[in-house]
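Analysis of the macromolecular model
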Amino acid sequence: MALYPSYIIDISDSVLLLCCAAFLGKSDAEFYRECDNVVLVDILEDKLEVMKNKTYSTKKTWEYINRCMFDVLKNYTEQNRKFDIVSVDPWTGNLEQRIYDTDFLKIFNCTNKYLVVSASQDIFGKYNINIKQDITDMIKEKYKIDNIDCIDIIKRSDYYSETWEHTKVGGVYWVVFEKKSVI
Ligand SMILES: C[S@@+](CC[C@H](N)C(=O)[O-])C[C@H]1O[C@@H](n2cnc3c(N)ncnc32)[C@H](O)[C@@H]1O
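Quick caveat, the model's predicted, so the values are computed rather than measured.

Side note on helix α5 (residues 132–143)
The terminal C-alpha atoms of α5 lie 16 Å apart, and with 12 residues this matches the ideal 16 Å at 1.5 Å per residue to within 8%. Following α5 by one or two positions, Lys144 has its phi on the positive side, about 55°.

A few points about the sheet that holds strand β4 (residues 83–88)
The strand order across the open sheet built from seven strands is β3-β2-β1-β4-β5-β7-β6, with neighbouring strands paired in mixed fashion. In this open sheet, the two edge strands, each paired with only one partner strand, are β3 (63–66) and β6 (148–161). Between one strand and the next, the sheet's axes are offset by a mean angle of 15°, whatever the strand orientation. Judged from the four bridges that link them, strand β1 (residues 14–18) and β4 form a sheet pairing that is parallel. Its bridge partner lying in β4, Leu16 is registered against Val86. Where helix α3 (residues 95–108) meets the sheet, its contacts fall on β4, β5 (111–120) and β6, and the angle it forms with β5 comes to roughly 175°. Sheet strands in contact with α5 are β6 and β7 (167–179), and its direction is about 110° off that of β6.

Comments concerning the nonpolar core
Of all hydrophobic cores here, the largest spans 48 residues; its most connected members are Val15, Leu17, Leu18, Leu40, Val86 and Val175. The biggest single contributor to this core is β7, with six residues. Setting aside its immediate chain neighbours within four residues, Leu18 contacts Val41, Met69, Val86 and Val88.

Comments concerning the site of the ligand
Neighbouring the ligand are 22 residues; Cys19, Ala22, Phe23, Ser27 and Asp89 lie closest to it. Of the residues contributing to the shell around the ligand, the split by class is 14 nonpolar, four polar and four charged.

Considering the environment of Asn66
Looking at where Asn66 falls in the secondary structure, it is placed in strand β3. The partly exposed category is assigned to Asn66, around which 16 C-beta atoms lie within 10 Å. Sequence separation between Asn66 and Val176 is 110 residues; the distance between their C-alpha atoms is 25 Å. Sequence-distant contacts of Asn66, that is, excluding residues within four places in its chain, are made with Asp42, Ile43, Glu45 and Leu48.

So, unusual backbone geometry
Here Cys19, not a glycine, exhibits a phi torsion of approximately 60°, which is positive. Its location among the elements puts Cys19 in the loop between β1 and β2 (37–42). One non-glycine residue with positive phi stands out, namely Asn80, at about 55°. Inspection of the secondary structure assignment puts Asn80 in the loop between α2 (69–79) and β4. The exposure class assigned to Asn80 is exposed, which follows from the 8 C-beta atoms found within 10 Å.

Procedures and definitions
- Residues numbered from 1 in each chain as written.
- Predicted model: local features only at pLDDT ≥ 70, side-chain atom pairs only at ≥ 80, totals over all residues.
- Helix = DSSP H or I, 4+ residues; strand = E, 2+ residues; numbered from the N terminus.
- Expected span 1.5 Å × (residues − 1).
- Pairing = 2+ DSSP bridges.
- Axes fitted to C-alpha atoms, helices over the stretch in contact; angles between N-to-C directions.
- Contact = placed C-beta atoms within 7 Å.
- Core = buried A, V, L, I, M, F, W, Y, C linked by C-beta atoms within 7 Å.
- Buried ≥ 20, exposed ≤ 12 C-beta atoms within 10 Å, placed from the backbone.
- Near = placed C-beta within 6 Å.
- Nonpolar A, V, L, I, M, F, W, Y, C, P; charged D, E, K, R; others polar.

What follows is the structure, encoded as structure tokens:
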């Protein structure tokens with residue numbers, strides 16, 4: 001059973017799940033199955049089709065978008081559309097580097113309450129961050145924002161594979177951020 005910060009989920013929440021299809025949503029979408037208002041985004045059309053037709057067929061309200069997450073985020077930003085929870089699982093490929101290095105705000109700006117982002121040990125090593133306060137400080141400083149707290153780090157596996165040929169140690173984590181309201 002995958003580990004996920006399901007304690008943040010209220011079934012009335014609006015939810016945006018980015019990068020959620022490779023394992024048919026087993027590590028993230030599955031935890032939202034009681035929610036009605038869910039948008040799922042991935043570039044793997046065949047996996048999204050399987051999820052749509054089989055895995056979550058009882059939820060007709062779920063919207064599946066086969067498109068690059070950054071195009072989708074750009075549209076939502078232009079529309080000022082936000083979600084109570086945004087969850088993104090980018091640890092494969094170089095996507096997690098892009099998110100932590102340059103594009104974090106594009107995702108954070110689309111959430112009202114919580115942002116859940118995966119991170120491999122590579123990210124923690126690169127930024128020398130291991131504890132919640134370090135992660136909060138790094139994001140605040142790098143992106144010049146105040147209204148964010150890292151509230152949890154959940155280890156979901158011990159090993160991960162970047163290429164599916166070279167397994168790395170150190171694990172994959174869910175990093176949970178809370179958006180604080182600005183007074
Ligand atoms: C670690 S897998 C996610 C697995 C997923 N959480 C699950 O449980 O099935 C990373 C995902 O990111 C997707 N992805 C990579 N680049 C993307 C992009 N630019 N836009 C949207 N999805 C992307 C991949 O297709 C893959 O499904």
